[in-house]
Structure formats: structure tokens, C-alpha cells
2 protein chains.
Amino acid sequence: MGSEALLTNAIPKPQNIENVAADSSQISENGQPIQNCIMHQLIDQGNIQNGHHIENGSLHENADGFSVRRLQLSDHKKGFVELLGQLSPTRPLSQEEFQERFAELVSMGPDHHICVIEDPVSCRVVATGSIFIERKFIRGCSKVGHIEDVVVDKGARGLRLGHRVVKHLVDHAKATGCYKVVLYCKPELREFYQKCGFMEKNVQMAFYF
Amino acid sequence: MGSEALLTNAIPKPQNIENVAADSSQISENGQPIQNCIMHQLIDQGNIQNGHHIENGSLHENADGFSVRRLQLSDHKKGFVELLGQLSPTRPLSQEEFQERFAELVSMGPDHHICVIEDPVSCRVVATGSIFIERKFIRGCSKVGHIEDVVVDKGARGLRLGHRVVKHLVDHAKATGCYKVVLYCKPELREFYQKCGFMEKNVQMAFYF
């Protein structure tokens, strides 16, 4: 599903720091909750240049601390699966289940890519989207990018995080040599995707088992 | 593209046997064109049971000799790429190009599957469709099948070959554990896919580079 839960005009809610601190993965060595954790991570990795974030060769503006990065194993404890639950029915996953699926997807290399945006204060994942690259015979062995599962947390809408996620995924498709990117969405999200540079095409049909 | 060139009410045209005989891959050892080549192949492989064709554990009716099978390397010389050209702009592919993309797709195992129907008289590929299996985190690490590139040769429409291709791909998705199958198509093909058991869902958006 393209982006069922992506609405861009909601008002951001305050983040609940207590909930964050209750997760041991988000406690610093001195026992204090880690604030500005994305900034810490980026500075540690040495990939900040002039206030921008360099990832996969692309430049992502980072002025507000909300940067787009690739999904990591540690995102299991940062609310990634719960965020997907705002898009589609999703039961909790054990660390082992998450790790197994994560490994399957990582083994596909650039043909499968999930990005997230982490709130720099709460250290929770507040936006995500995925893309897989389909290899075809048509058009001289072309490639097509398929965007799926775009969702922005209810408490983080209105910050244009959805635009950043979609732009990141489109950039990924371009970098891997796709001639186009497609996605499905509810009719009410047409306008959002048109603003992202998409145009409406065909209809989607579905068969449920 | 779901199935732009799939139209089921056209009248079948006679096959051009001369063109078939001109392709050395379709000449038998005694120099005669191979007639009923699919039946020969199936009997050689010992996978005919009571007039039906067993493939991937599924039973496919085979009374008219038009059986659904997996794409093979030899289909490069049986008009597979030219058939795709009826769906989308497609330049000819060299044997090496075809082989390289074929190997990439085969390496994905059941996560990518292309089926074809070969005309039992002309030994040309007259229908095809593909499916790839997307692995998700939502719905308890679920899977979704994506059907693409369904096309029936202009000269073989009206034989319900499109239905057979779609049914085969849906069966494949079910066998690999998908909870649903999706595709996109032009609005005029809604009814065809509804007859195949699909229901209309969202809209498709596309971004072209």
C-alpha cells in the first residue's frame, strides 16, 4: 500500500520523553535519556558536512535534525513496527522475527531499501517508506522502482517528513537506474503525490486469499 | 505495467509455420519443424498425468496443448521479447543480455516467477506474465505478490490464455504464502480482472525520470 496513513496537515504533538527513557536502548551510558540522538549518531559517523547529511551519496537537508537514513536493526526498539501499525494491521514482532526479515531484505542490496526518519529528541522512528527495484526484460532490461509502506507518525505530521521520505526513495530509484517509480495510494492522496512529482496512471486491482 | 496489451475478445489468427521453421532452434534433428513441441517436451519430462500438466505442484488443464510453464532460456528464440513488445516499447535483446537478466531473476528463486504459454503448433511464446514477491514487516512479516507484464499475443487472443496466466500467477503467490496479490491495469481491463477474482482498489501514481 502506497501511503494509507500519510497525512501532511495534522498538528505535531509533544513527544513523550518518559516513554523514551523507559526503553533501555535509549539510555546513555550515564543513565540519562539520549537527546538529539540522530545528531549524535551522525557526528559519530563523521557524515555531517556544512549542516547537511550525506547518505548514499545524496544530500539531505538536516537543519531541523530530522534526517532520512536507512533502516537499522536498532529501529526495532525505536517504534518502527508500531509506526507501520498506523498504516496496516501489524502485530508486534519479536527481536528474532524482526532480525530475520531485516536480514532477508538487506541481502537484496540496493534492490530493497527501507528508509526512516528518527525524531532527534524522542529518538523514536516517526516516518518511513520502502522501495524495491523490479528488474524487467522490457525497455532493454529496464528497472522500475516500487514505493510501498510510506507512513508518518500521527504526532509528527505537518513537518513535510512524508515529502522527504518520498524524495529519498525516488532518489534511490534514480541512482539504481530505474526509468520510473510507481506506487498505489488512496484517491485522497493524489494531490500529495502530485506535489512530489508523480502523475496519476492506471487503477490498482487486488486479490485477497 | 499490469496488462496493457491483454484483450480477450480478439479473433485468433492462423500461425505462420514458415516463420517458425526459419528459426533453427525450432528445427528437429531430422530437419523438420517441430510440431506440438510443448506436448513433446512434457512427455519427455514425464509430467503428464491423465491429460493434465503438473508444474510446481499445480495442476494445469492441457486439453488444447496450451500449457502454462516457467520461462526458459530457450524462449529468447521463441519470440518472448517480441511478445513483450506488444505491451511496452522493447528493443531486441542479444542472447547474452537475455541470459544475464534471466540469471538475475532465477537467482531470486520463487520470489520472482515468469510464466509463458507456448503455442503447441508454432512453438512460439504467445502469452506471458510475471510476479514478484515482496517481503514486508506489516501483518506479521507478510508477503505480497505483484503481478506485472501480462500480455497475450495479438494472434492468440480469445482463447482465455490471459485467464490461465493470471490464475497461474495467483496460484504461485498463494503457494509462496502471500496474503494478497496486486496489479495495476488500464481502466478498460477492470472487468477482465474482476472475472479473475480481483477487486478494484486504489489509484496508481507514477514518476518518470
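That block above? That's the structure.
Residues numbered from 1 in each chain as written. Chains lettered and ligands numbered in written order. Predicted model: local features only at pLDDT ≥ 70, side-chain atom pairs only at ≥ 80, totals over all residues. Heavy atoms only, no water.

**Student:** I'd like a description of unusual backbone geometry, backed by residues and values.
**Tutor:** For residues that are not glycine, phi is negative in most cases, and the peptide bond is trans in most cases. All names here are of chain B. A positive phi angle is found at D149, which is not glycine, with a value near 55 degrees. Secondary-structure assignment places D149 in strand β7 (residues 143–152). A relative accessible area of 6% places D149 in the buried class. With a phi angle near 65 degrees, R160 is a residue other than glycine that sits in the positive phi range. Relative to the helices and strands, R160 resides in the loop between β7 and α6 (161–175). (Helix = DSSP H or I, 4+ residues; strand = E, 2+ residues; numbered from the N terminus. Buried < 20%, exposed > 50% of the residue type's maximum accessible area, 1.4 Å probe, protein only.)

**Student:** Give a description of the pairing of strand β5 (residues 112–118) of chain A that names residues and reports values.
**Tutor:** All names here are of chain A. With 7 of 7 residues buried, β5 lies mostly within the body of the structure. Because side chains alternate across β5, one face comprises the buried residues H112, I114, V116 and E118, and the other comprises H113, C115 and I117, equally buried. Bridge count for strand β4 (residues 68–70) against β5 is 3 bridges, and the pairing is antiparallel. Bridge assignment links R69 to a residue of β5, and that residue is V116. For β5 and strand β6 (residues 125–135), the ladder comprises 7 bridges, and the chain directions are antiparallel. (Pairing = 2+ DSSP bridges.)

**Student:** Tell me what's going on with the relation of the copies chain A and chain B, and back it up with residues and numbers.
**Tutor:** For these two chains of identical sequence, chain A goes onto chain B by a turn of 180 degrees and a shift of 0.0 Å along the axis, with RMSD 0.0 Å. The operation mapping one copy onto its partner corresponds to a two-fold rotation axis. Judged by C-alpha distance, V203(A) is the residue of chain A that lies nearest the rotation axis, at 2.4 Å. Counting the interface residues of chain A, we find that 100% of their copies in chain B are interface residues as well, pointing to one common contact surface. (Least-squares fit on C-alpha atoms with pLDDT ≥ 70 in both. Contact = heavy atoms within 4.5 Å.)

**Student:** Hey, could you go over the interface of chain A and chain B for me, with residue numbers and the actual values?
**Tutor:** By a frequent convention, interface size equals the accessible area lost on bringing the separate parts together. If you look at the interface, chain A gives 61 residues, while chain B gives 61 residues. A buried area of about 6,000 Å², summed over both sides, lies between chain A and chain B, and 63% of it is on carbon and sulfur atoms. Taken as a group, F137(A), M205(A) and F209(A) account for 16% of the area that chain A buries against chain B, more than any other trio of residues on that side. Taken together, the connections running from chain A to chain B amount to 6 salt bridges. Where R135(A) meets E104(B), a salt bridge forms, and the shortest distance between an N and an O atom there is 3.1 Å. (Buried area = accessible area lost by both parts, 1.4 Å probe. Salt bridge = Lys/Arg side-chain N within 4 Å of Asp/Glu carboxyl O.)

**Student:** Which residues make up helix α4 (residues 95–106) of chain A, and what values do they have?
**Tutor:** Relative to the 16 Å expected for 12 residues at 1.5 Å per residue, α4(A) spans 16 Å between its end C-alpha atoms, a close match to the ideal helical length. For α4(A), the set of buried residues is F98(A), R101(A), F102(A) and L105(A). Along the long axis of α4(A), the arc covered by the buried residues comes to 105 degrees, so they all point the same way. More than 90 degrees from the buried face of α4(A), the exposed residues found are E96(A) and E100(A). Check the buried side of α4(A) and you find it contacts α3 (80–84) and β5 of chain A together with β6 (125–135), α5 (138–141) and β7 of chain B. (Expected span 1.5 Å × (residues − 1). Arc of directions from axis to C-beta.)

**Student:** With reference to specific residues and values, describe empty space enclosed by the protein.
**Tutor:** A full pass over the atoms with the stated rule returns 4 cavities of 30 Å³ or more. By volume, the largest cavity is sized at about 90 Å³. Elements that contribute at least two residues to the lining of the largest cavity include exactly α3, β5 and β6 of chain A together with β6 of chain B. Per-element accounting of the lining of the largest cavity gives the leading share, 3 residues, to β6(A). Taken together, the residues that form the lining of the largest cavity break down as 5 nonpolar, 4 polar and 4 charged. (1 Å grid on protein atoms, 1.4 Å probe; cavity = no way out; pocket = protein on both sides within 12 Å on 5 of 7 lines; lining within 4 Å. Points joined across faces, edges and corners; volume = space filled by probe spheres on them. Nonpolar A, V, L, I, M, F, W, Y, C, P; charged D, E, K, R; others polar.)

**Student:** Let's hear about the pattern of salt bridges: which residues, and what values?
**Tutor:** Taken as a whole and assessed by the stated rule, the structure comprises 26 salt bridges over all chains. Note that D149(B) and K136(A) form a salt bridge whose closest N and O atoms lie 3.0 Å from each other. Here D149(B) is found in strand β7, whereas its partner K136(A) is found in the loop between β6 and α5 (138–141) on a different chain. Across the salt bridge formed by R69(B) and D75(B), the nearest N and O atoms sit 2.7 Å from each other. Pair check on accessibility: R69(B) and D75(B) agree, each one buried. Salt bridges linked by common partners bring R69(A), D75(A), K78(A) and E118(A) together as one network.

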